[in-house]
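Below, each chain spelled out in residue letters.
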Amino acid sequence: MTQYNQTLKLTEKLELRKMLNREEDHLNAIVTINAGAGGTESQDWAEMLMRMYLRWGERNSYKSKVLDIQEGEGAGIKSASIEFEGDNAYGYLKGENGVHRLVRLSPFDANHKRHTSFASVYAYPIVDENIQIEINPADLSWDTFRSSGPGGQNVNKVESAVRVKHAPSGIIVECQETRSQNQNREKALTMLKSQLYEQELRKKREKIEAIESSKKKIEWGSQIRSYVFHPYKMVKDLRTGVETSNVQDVMDGNIDDFIKAYLIEFA
């Protein structure tokens, strides 16, 4: 890479960082992925997205770890939660919220027909010590269960994984990060507080967007990006219009162009 290209790349990174000026942008992030309807096909797509985000974290020097994973029936995953630790993690990942659509020739179809699959992605900031979120213990209901990860010694023989439901919001959080039930309870509470914090941030943003009606509106949870493997190769962001034919590069974690375009248009 020439010195000019290196300077240009550094300048672009600085410009992106300047866009991350909201108080929550600098925080670490948790990304949850949930398979849509469609059984094995959608569960496989959810696992592909999990790999994509983990590779993105590696490429950008973020420390990442899987906090919870629910294995699919036969292949893929039903859901997963990944923590990203590093500067401006939430700021960069916040634009990934929404439904991600895959079109491909299914490896699970004996006739090798084309299938469309969906998975949802939800990114939220991890609250730190400076952010106070009050939770009434009476509003919480706890369950324990055995970890459901891959076999071997890593799977607990006791019920160390935890699930907590927050009655007022209806939010349910699961955590099976460690073999310690107490540590998993603490992490689950942090995840719950983070989701409640993000919920408040979203309410504030919705009020602002309602006032600034001239801006393009993005419906929460709507389809944001299409990944087409067949009959042609293309990944296209439906909000910004950014697209690429290098599908494999995107699935290997290179989603920076999509992130950049989102920040330029909506940050």
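Preceding this section is the structure that the text describes.
Since the model is a prediction, treat every value here as computed from it, not as a measurement. For every chain, the first residue of its written sequence is number 1, and the numbers climb from 1 along that sequence. Per-residue local features are limited, in this predicted model, to residues with pLDDT of at least 70; the limit for side-chain atom pairs, both in listing and counting, is 80 or more; totals at the level of whole chains, interfaces and linings are taken over all residues. To obtain the side-chain values, all non-hydrogen atoms of the structure were used and water was disregarded.

Caption draft 1: Highlighting the packing of helix α1 (residues 3-19) against helix α6 (residues 256-266). In the contact formed by α1 and α6, the axes pass within 10 Å of each other and the chain directions differ by 50°. The orientation of α1 with respect to α6, classified from their angle, is oblique. In terms of crossing hand, the pair formed by α1 and α6 is left-handed. Facing α1, whose interface residues are E12, L16 and M19, α6 presents K260, L263 and I264. As a rule, the C-alpha atoms of each element are fitted with a line to give its axis, helices using only the stretch in contact, and angles between N-to-C directions run from 0 to 180 degrees. We count a stretch as a helix when DSSP gives it H or I for four or more residues in a row; a strand needs E for two or more, and each element gets its number in order from the N terminus. Any angle from 65 to 115 degrees is called roughly perpendicular, while one under 35 is roughly parallel, one over 145 is roughly antiparallel, and all others are oblique. Note on convention: near helix rotated counterclockwise from far helix by under a right angle means a left-handed crossing. Clockwise means right-handed. Here, two residues are considered to be in contact whenever any of their heavy atoms come within 4.5 Å of each other.

Caption draft 2: Structural detail: the layout of surface pockets. The rule is simple: put a 1 Å grid over the protein atoms alone, call a set of points where a 1.4 Å probe fits but cannot get out a cavity, call an open set with protein on both sides within 12 Å along at least five of seven lines a pocket, and count a residue as lining if it has an atom within 4 Å of a point. Grid points are joined across faces, edges and corners, and a volume is the space filled by probe spheres set on the points. A volume near 610 Å³ is recorded for the second largest pocket. Taken together, 18 residues line the second largest pocket, and the ones lying closest to its centre are K9, K13, L16, N60 and D256. The set of elements that each furnish at least two residues to the lining of the second largest pocket consists of α1, α2 (40-59) and α6. The element that contributes the greatest number of residues to the lining of the second largest pocket is α1, accounting for five residues.

Caption draft 3: Region of interest: unusual backbone geometry. Along the chain, H230 connects to P231 via a cis peptide bond; the corresponding omega equals 15°. Following the sequence through the fold, P231 ends up in the loop between β9 (223-228) and β10 (234-237). We note that S61 has phi near 60°; this positive angle belongs to a residue other than glycine. Note that S61 resides in the loop between α2 and β2 (63-71). Notably, N88 is not glycine yet its phi reads approximately 60°, a positive angle. Inspection of the secondary structure assignment puts N88 in the loop between β3 (77-85) and α3 (89-93).

Caption draft 4: Structural view of the packing of aromatic side chains. Under the pairing criterion, centres of Phe, Tyr and Trp rings, with the six-membered ring standing for Trp, must be within 6.5 Å; the plane angle then separates stacked pairs below 30 degrees from edge-to-face pairs above 60, leaving the rest tilted. Here the structure, examined in full by the defined rule, presents five aromatic pairs. Where W45 meets Y227, the ring centres are 4.9 Å apart and the plane angle is 70°; that geometry is what we call edge-to-face. Taken as a pair, W45 in helix α2 and Y227 in strand β9 lie far apart in primary sequence, 182 residues in all. For the residue pair W45 and Y227, the accessibility class agrees, reading buried in each case. Ring centres of W56 and F84 lie 5.9 Å apart, and the angle between their planes is 70°; this geometry places the pair in the edge-to-face category. Here F84 lies in strand β3 and W56 lies in helix α2, a separation of 28 residues in the sequence. Burial classes: relative accessible area under 20% of the type maximum marks a residue as buried, over 50% as exposed, and values in between as partly exposed (1.4 Å probe, protein chains only). Look at F84 and you get buried, because its relative accessible area is 0%. A network of ring pairs unites the aromatic residues W56, Y62 and F84 as a single cluster. In our convention, an over-ring charge means Lys NZ or Arg CZ found within 6 Å of a ring centre and within 35 degrees of that ring's normal. Sitting over the ring of W142, R185 keeps its end group 4.1 Å from the ring centre.

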